[in-house]
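Structural description and commentary
Okay, here's what each chain looks like letter by letter:
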Amino acid sequence: MSRPIIATINQNALQTNLSIVRNIASGSRLWAVIKANAYGHGIKRVWKSLSSTDGFAVLSIHEALLLREQGFQKPILLLEGFFHPHDLRILHRYHLTTIIHSHWQIQALKKAHLSSPLDVYLKMNCGMNRLGFQPKDVRNVWHQLKALKNVGTLTLMAHFAKAQCIYDIMKSMQRIAQSSNGFNCTMSLANSAATLWHPRTHCQWVRPGIILYGASPSGDWKDIASSGLMPVMTLNSKIIAIQKLVAGSKVGYANNYCASRAQYIGIVACGYADGYPHHAPTGTPVMVAGSMTQTVGSISMDMMAVDLTRCPQARIGSLVELWGNNVKINDVASVSGTISYELMCALSSRVPVKIT
Ligand SMILES: *Cc1c(COP(=O)(O)O)cnc(C)c1O
């Protein structure tokens with residue numbers, strides 16, 4: 001038998017989540033964001049379940065070409081645009097939509113010899129200060145791009161720094177309205193949080209990512225508990241040993257758990273080398289043989305310990321859910337001081353993946 005850890009990707013959950021998001025933003029078209037190998041789920045594994053999307057948003061040309069190779073023919077958006085003027089020939093050949101966030105990219109577009117124009121997203125910096133043109137420059141850049149023969153459709157795009165916060169959204173929306181005043185443009189603004197909670201940001205194209213995978217963009221599962229969104233990834237393993245502790249027994253590296261009474265613990269075949277967070281403290285939720293319980297002691301590279309006090313039915317071989325439908329990935333992330341996005345992306349390549 002192989003090591004019992006396994007991740008399961010639920011295709012039905014992906015389809016359900018996409019249709020829920022479609023209903024929420026029913027007046028808009030939708031870029032399904034599948035950067036970072038579909039947030040760790042695997043582009044090859046998930047793209048078909050999401051293929052009723054209007055387009056996929058990815059980061060690298062490599063991811064875009066993978067989608068084209070797989071037969072996806074609808075639009076693909078490159079979220080950081082192109083990285084070198086040479087890339088434009090590939091963008092043209094594979095009909096990729098590019099973001100333009102810097103002046104050098106405009107110059108490259110101007111000089112390129114393309115037989116037909118590219119669809120372009122003009123990225124405005126509305127306060128995050130990562131990529132994009134300043135609000136005061138947007139009008140000028142818009143007209144510059146409009147005048148280029150290599151530019152086909154042009155869309156204004158921005159990304160919110162604090163999309164949970166209505167105040168921040170209102171401030172950003174004001175900046176966007178001021179910058180685009182006078183030209184009637186197609187816009188794409190909303191990530192998952194804005195799609196869920198700020199309908200006025202929906203505009204013509206929304207760009208949800210994390211909600212397609214069934215986690216809450218706020219970090220708190222309760223915020224999406226009534227939405228019908230379903231966790232897509234389940235991480236399971238099994239109990240491979242059981243230890244009986246007496247009061248004063250210590251557990252794991254640095255002995256940072258000390259039993260205060262007699263107690264059974266289970267050793268689970270899952271550690272940080274599988275993608276489970278090393279920072280998960282004693283008390284992180286986990287399900288063993290159908291009962292909710294918690295971790296004890298520090299997470300090792302390949303193993304972790306769980307309290308079996310509330311799982312008297314547990315045996316060697318009992319099923320453990322690290323995250324999934326019962327143990328919310330948002331909860332594991334928040335007690336570990338991280339976000340669900342990071343846990344999904346960190347799923348290790350040594351973990352076998354099953355698709356259901
Ligand atoms: C990652 C990303 C998204 C999706 O963000 P979520 O919070 O996962 O919905 C949308 N737009 C841009 C530009 C992104 O980089």
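Fair warning: this is a prediction, and the values are worked out from it, not measured in the lab.

Every one of the 13 residues lining the ligand counts as a neighbour, but Lys35, Tyr39, Ser192, Ile210 and Tyr341 are closest to it. Between the ligand and His159, the relevant distance is 3.4 Å, taken from a nitrogen atom to a side-chain nitrogen or oxygen of the residue. In this structure, an oxygen atom belonging to the ligand sits 2.9 Å away from a main-chain N or O atom of Gly209. Burial of the ligand by the protein chains amounts to 92% of its free accessible area of 390 Å². In the shell around the ligand, the residues fall into seven nonpolar, four polar and two charged.

Interface extent is often summarised as the accessible area lost during association of the parts. Domain boundaries in the protein define domain 1 (26-207) and domain 2 (233-355). Look at where the C-alpha atoms of domain 1 and domain 2 centre, and you get two points 39 Å apart. Contact residues are listed per partner, giving five residues for domain 1 and seven residues for domain 2. Buried surface at the junction of domain 1 and domain 2, both sides included, amounts to about 590 Å², of which 76% is carbon and sulfur. For domain 1, the biggest contributors to the area lost against domain 2 are Tyr39, His41 and Arg45; these three give 76% of the whole. The interface formed by domain 1 and domain 2 contains zero salt bridges. At the boundary of domain 1 with domain 2, the tally comes to zero residue pairs in polar contact (both at pLDDT 80 or more).

Turning our eyes to something else, we now look at the packing of aromatic side chains. Applying the stated criterion across every chain, the model contains eight aromatic pairs. Measuring from centroid to centroid gives 5.4 Å for Phe82 and Trp104, while their planes differ by 80°, and the two rings are edge-to-face. In this pair, Phe82 is assigned in the loop between strand 4 (76-78) and helix 5 (87-93) and Trp104 in helix 6 (residues 103-111), connecting sequence segments 22 residues apart. One aromatic cluster is present, built from ring pairs that chain together Trp31, Tyr121 and Trp205.

Here we come to the UniProt feature "active site" (unreviewed entry) in the protein. When the UniProt feature table is mapped onto this chain, "active site" (unreviewed entry) is found at Lys35 and Tyr253. A maximum C-alpha distance of 35.4 Å is found for the annotated residues, which run over 219 residues; spatially they are spread out rather than grouped. Given a relative accessible area of 28%, Lys35 falls into the partly exposed group. Once residues lying within four places of it in the same chain are set aside, the contact partners of Lys35 are Ala57, Val58, Leu59, Glu63 and Leu79. When you line up the elements, Tyr253 lands in the loop between strand 11 (250-251) and strand 12 (257-258). In this structure Tyr253 comes out as exposed when scored by relative accessible area, which is 61%. Look past the residues within four positions of Tyr253 in its chain and what remains in contact with it is Ser298 and Ser300.

This part covers helix 8 (residues 166-179). One full turn of an α-helix is made of 3.6 residues, so residues set three or four places apart face in the same direction. In this model helix 8 runs 20 Å from its N-terminal to its C-terminal C-alpha over 14 residues, within 8% of the 20 Å that 1.5 Å per residue would give. Listing the buried residues of helix 8 in full gives Asp168, Ile169, Ser172, Met173, Ile176 and Ser179. The buried residues of helix 8 occupy one face: seen down the axis, they fall within an arc of 130°. Of the residues in helix 8, the exposed ones pointing more than 90 degrees away from the buried face are Tyr167, Gln174 and Gln178. Contacts from the buried residues of helix 8 go to helix 7 (135-146), strand 7 (151-157), strand 8 (186-188) and helix 9 (192-197).

Criteria and cut-off values
- Residues numbered from 1 in each chain as written.
- Predicted model: local features only at pLDDT ≥ 70, side-chain atom pairs only at ≥ 80, totals over all residues.
- Heavy atoms only, no water.
- Near = heavy atom within 4 Å.
- Polar contact = N/O pair within 3.5 Å; in protein donor to acceptor, adjacent residues only side chain to side chain.
- Areas by Shrake-Rupley, 256 points an atom, 1.4 Å probe, with all protein chains shown as cover.
- Nonpolar A, V, L, I, M, F, W, Y, C, P; charged D, E, K, R; others polar.
- Domains from an automatic or database assignment.
- Contact = heavy atoms within 4.5 Å.
- Buried area = accessible area lost by both parts, 1.4 Å probe.
- Salt bridge = Lys/Arg side-chain N within 4 Å of Asp/Glu carboxyl O.
- Phe/Tyr/Trp six-rings, centres within 6.5 Å; stacked < 30°, edge-to-face > 60°.
- Helix = DSSP H or I, 4+ residues; strand = E, 2+ residues; numbered from the N terminus.
- UniProt positions renumbered as here; feature names shortened; annotations may be inferred.
- Buried < 20%, exposed > 50% of the residue type's maximum accessible area, 1.4 Å probe, protein only.
- Expected span 1.5 Å × (residues − 1).
- Arc of directions from axis to C-beta.

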